[in-house]
Amino acid sequence: MTIERVIKKAQEINPEIDTEIIMRAYKFAEKAHQGQTRKSGEPYIEHPLHTAFNLVQIRADISTILAGILHDVPEDTEYTLEDVRKEFGQEVSSLVEGITKLGKIKYRGIERYRENLKKMFLAMVDDIRIIYIKFCDRLHNLRTLESLPENKQQRIAQETLEIYAPIAGLLGIWRLKWQMEDICFKYLYPKEYKQIEYKYEIEKKSERNQFFQKVKNILEEELNKTNINYEITARFKHLYSIWRKMQIRERRFDEIYDVFALRVVVKNTEDCYKVLGIIHSLWKPLANRFKDYIALPKPNGYRSLHTTIIGPDNKATEFQIKTHEMHEESLYGSQIHWNYKNEKYEYKKPGWIKEILELQKENRDVKDFIKEIKTNVFQNRIFVFSPKGDVIELPEKGTPIDFAYAIHTTIGNKAVQAMVNEKIVSLDHELKNGDIIEIIIDKNRKHPNSQWLDFVKTKHAKERIKQYSQKGAFDKFKKIFNK
Ligand code: MN
């Protein structure tokens, strides 16, 4: 890797990028790491350059790229964070500081895992760009795992698969998630990796390509009759996700029919639905396989239409239909998005980061913190509706009471009955994606039922109910006392 390659790539993405300062950061890092080598024997500067290149590829902004080049300076050289700040300013130096803090983990075993996860989340709350740098740093370390002793290879691969990859998924940065997972898969399950790789890359490759061409030709013929601008490509599943599917569904390779999908990228949302209509008129769709992630995006922001149809030769074939913007987002994460007004990439914090921040304020021990994150944040989310069409996000298996408290505390406190899709259900009923919920309240009702605590899923509902039961007890106490 050379700094010229990093700069060239950065200019391709943003022609106005300040190349002079990138060069300056490079010279600084090169001088700082002078004489140091990696375990593989190559000059140390290769590593920060690769990290920066990975960052450029996921559309990182200039400060993040600079911090990528400088990320190992305070930790591994005689130059300090203060030197970085003097040369490159506060923004860059706090990013580098964030990375340095992430690196210091004292514990071993399960404690190490917890500490690690907590630090990652806290860094995210601080500045989400720190995580992007850490991911890109880790990706290069994974690519050079070969030169490390086997026990270290295993530890790093395991940690990446358990902590880094799920967080990348949570942020919707699929490009990084796939790459990390496939490398870890290779080190952790070498035999299984080879088997799937063989089947996938060699045995079935030409068969798959022929089939892709066939489907593509048929669809193109129809699309050419319209004025829709489109691009059709094959999107192949990465090896680790095929293997995971085989594990979860206990199927053989040949039974995993969605090892590849056809991706149709169009100009706007309207065209997405038009293309969907054309596909469904050409082939019969499979029931239950149609997903409208445009109207109901996934919690990580992913948007696209998915459908599986019975294609030529009776083969189930998956289509993903999206706009260019949606496609970009799915590769680089919806947290980084192009602001047309300011003409630069900007970062936004996903909503669940606020939740983590709140958990952190309570300052409980690490074990509880991780447990809370797992149940409150990592847990899969569902989207449900009020009769007026408001969308409410709830954890999976959320109940009408969770919904009621999400709408308003009073609605929660006074809830007596719930209707889901116009049918009366019990208050602990498990809600599903797309349900329409109506809460019936009793105005005279004074307080929530503390038994609801047994089944509510959201922290918010729990707290409201607890608050009331404590207050209720206090009121009772006061009454007795005043007698
Ligand atoms: Mn590094």
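In the block above lies the structure referred to throughout.
Just so we're clear, the structure is a prediction, and the values are computed from it rather than from any experiment. (Residues numbered from 1 in each chain as written. Predicted model: local features only at pLDDT ≥ 70, side-chain atom pairs only at ≥ 80, totals over all residues. Heavy atoms only, no water.)

If you tally the helices and strands in the protein, you get 20 helices and 13 strands. Residue pairs at least 24 apart in sequence account for 65% of intrachain contacts in the protein once pairs closer than 6 positions are excluded. (Helix = DSSP H or I, 4+ residues; strand = E, 2+ residues; numbered from the N terminus. Contact = heavy atoms within 4.5 Å.)

H47 (NE2), H71 (NE2), D72 (OD) and D137 (OD) make up the full set of protein donors to the manganese ion, lying at 2.0 to 2.4 Å. Site description for the manganese ion: donor spacing in sequence, H-x23-H-D-x64-D. Relative accessible area serves as the criterion here: at 1%, H71 is assigned to the buried category. Given the relative accessible area of 12%, D72 is considered buried. (Donors = N, O, S within 2.8 Å, 3.2 Å for Na, K, Ca; no water. Buried < 20%, exposed > 50% of the residue type's maximum accessible area, 1.4 Å probe, protein only.)

This part covers the packing of helix α10 (residues 174-188) against helix α11 (residues 190-203). Axis separation between α10 and α11 bottoms out at 5 Å; the angle between their running directions is 120 degrees. As far as their axial angle goes, α11 and α10 are oblique. Taken together, the residues of α11 that come into contact with α10 (itself represented by D182, F185, K186, Y187 and L188) are P190, E192, Y193 and I196. In terms of residue class, the contact of α10 with α11 is built from 6 nonpolar, no polar and 3 charged. (Axes fitted to C-alpha atoms, helices over the stretch in contact; angles between N-to-C directions. Parallel < 35°, antiparallel > 145°, perpendicular 65-115°, else oblique. Nonpolar A, V, L, I, M, F, W, Y, C, P; charged D, E, K, R; others polar.)

What follows deals with the packing of aromatic side chains. Inspection of every chain in the model, using the stated rule, returns 11 aromatic pairs. Judged by centre distance (6.0 Å) and plane angle (55 degrees), the rings of F135 and Y164 are tilted. Of this pair, F135 sits in helix α8 (residues 128-143) while Y164 sits in helix α9 (residues 150-170), and the two are 29 residues apart along the sequence. In terms of burial, F135 and Y164 fall into one category: buried. A centroid spacing of 5.9 Å and a plane angle of 70 degrees characterise the contact between Y293 and Y302, whose relative ring orientation is edge-to-face. Overall, Y302 belongs to the buried group, its relative accessible area being 9%. Taken together, F185, Y189, Y193, Y240 and W243 form an aromatic cluster joined through their ring pairs. (Phe/Tyr/Trp six-rings, centres within 6.5 Å; stacked < 30°, edge-to-face > 60°.)

Next up on the list: the side chain of R263. Its place among the elements puts R263 in strand β2 (residues 260-266). With near-sequence residues (within four places) excluded, R263 lies in contact with E231, I232, T233, R235, Q320, K322 and H327.

This brings us to the environment of E270. Assignment of secondary structure puts E270 in helix α14 (residues 269-282). Given a relative accessible area of 54%, E270 falls into the exposed group. On a C-alpha basis, the gap between E270 and I228 in space is 9.9 Å, while along the polypeptide they are 42 residues apart.

A few words on helix α12 (residues 205-223). Compared with an ideal rise of 1.5 Å per residue, which puts 19 residues at 27 Å, α12 spans 26 Å between its outermost C-alpha atoms and is within 8% of the ideal. Looking only at α12, the buried set comprises R208, F211, F212, V215, K216, L219 and L223. The buried residues of α12 occupy an angular sector of 130 degrees when projected down its axis, which confines them to one face. Across from the buried face of α12, at angles greater than 90 degrees, the exposed residues are Q210 and E221. As for α12, its buried residues are in contact with α11, β1 (230-236), β2, α14 and β6 (316-323). (Expected span 1.5 Å × (residues − 1). Arc of directions from axis to C-beta.)

Turning our attention to the pairing of β6. Counting buried residues in β6 gives 7 out of 8 residues, a clear majority hidden from the surface. Bridge count for strand β5 (residues 305-310) against β6 is 6 bridges, and the pairing is antiparallel. Within the sheet, the bridge partner assigned to L305 lies in β6 and is I321. Counted along the chain from β5 to the antiparallel partner β6, the turn is 5 residues long, and its residue D313 has a positive phi close to 55 degrees. (Pairing = 2+ DSSP bridges.)

Let's shift gears to the nonpolar core. Formed by 76 residues in total, the largest nonpolar core has its most connected members in L70, F135 and I167. In terms of domain composition, this core takes at least three residues from each of domain 1 (3-188) and domain 2 (194-332). In terms of nonpolar packing, the next biggest core, distinct from the first, is built from 23 residues, F211, L223, I228 and V275 among them. (Core = buried A, V, L, I, M, F, W, Y, C linked by side-chain atoms within 4.5 Å. Domains from an automatic or database assignment.)

This brings us to unusual backbone geometry. Most peptide bonds take the trans configuration, and most residues that are not glycine carry a negative phi. For R59, which is not glycine, the phi dihedral falls at a positive 65 degrees. By the element assignment, R59 lies in the loop between α3 (46-57) and α4 (62-70). R59 sits in the buried class, given a relative accessible area of 14%. Non-glycine residue E422 carries a positive phi angle of around 70 degrees.

With that settled, the discussion passes to the side chain of D61. For D61, the location among the structural elements is in the loop between α3 and α4. Within the structure, the side chain of D61 is placed 2.3 Å from the side chain of T64, a separation counted as a polar contact. (Polar contact = N/O pair within 3.5 Å; in protein donor to acceptor, adjacent residues only side chain to side chain.)

So, on to the pattern of salt bridges. Scanning all chains against the criterion turns up 18 salt bridges. With a shortest N-O distance of 3.3 Å, E87 and R24 are connected by a salt bridge. With E87 in helix α6 (residues 81-103) and R24 in helix α2 (residues 19-32), this residue pair connects regions lying 63 residues apart in the sequence. Judged by relative accessible area, E87 falls into the partly exposed class, the value being 38%. Here the salt bridges do not stand alone but share partners, grouping D61, E91, D127 and R129 into one network. (Salt bridge = Lys/Arg side-chain N within 4 Å of Asp/Glu carboxyl O.)

Right, let's get into the packing of α12 against α14. Two elements in contact, α12 and α14, have axes whose closest approach is 11 Å; the angle formed by their N-to-C orientations is 120 degrees. Taken together, the axis directions place α12 and α14 in an arrangement best described as oblique. As for the relative orientation of α12 and α14, their crossing is right-handed in sense. Residues I218, L219, E222 and L223 of α12 pack against V275, I278, I279 and L282 of α14. Residue composition of the contact of α12 with α14, grouped by class: 7 nonpolar, no polar and 1 charged. (Left-handed = near helix turned anticlockwise from the far one by under 90°.)

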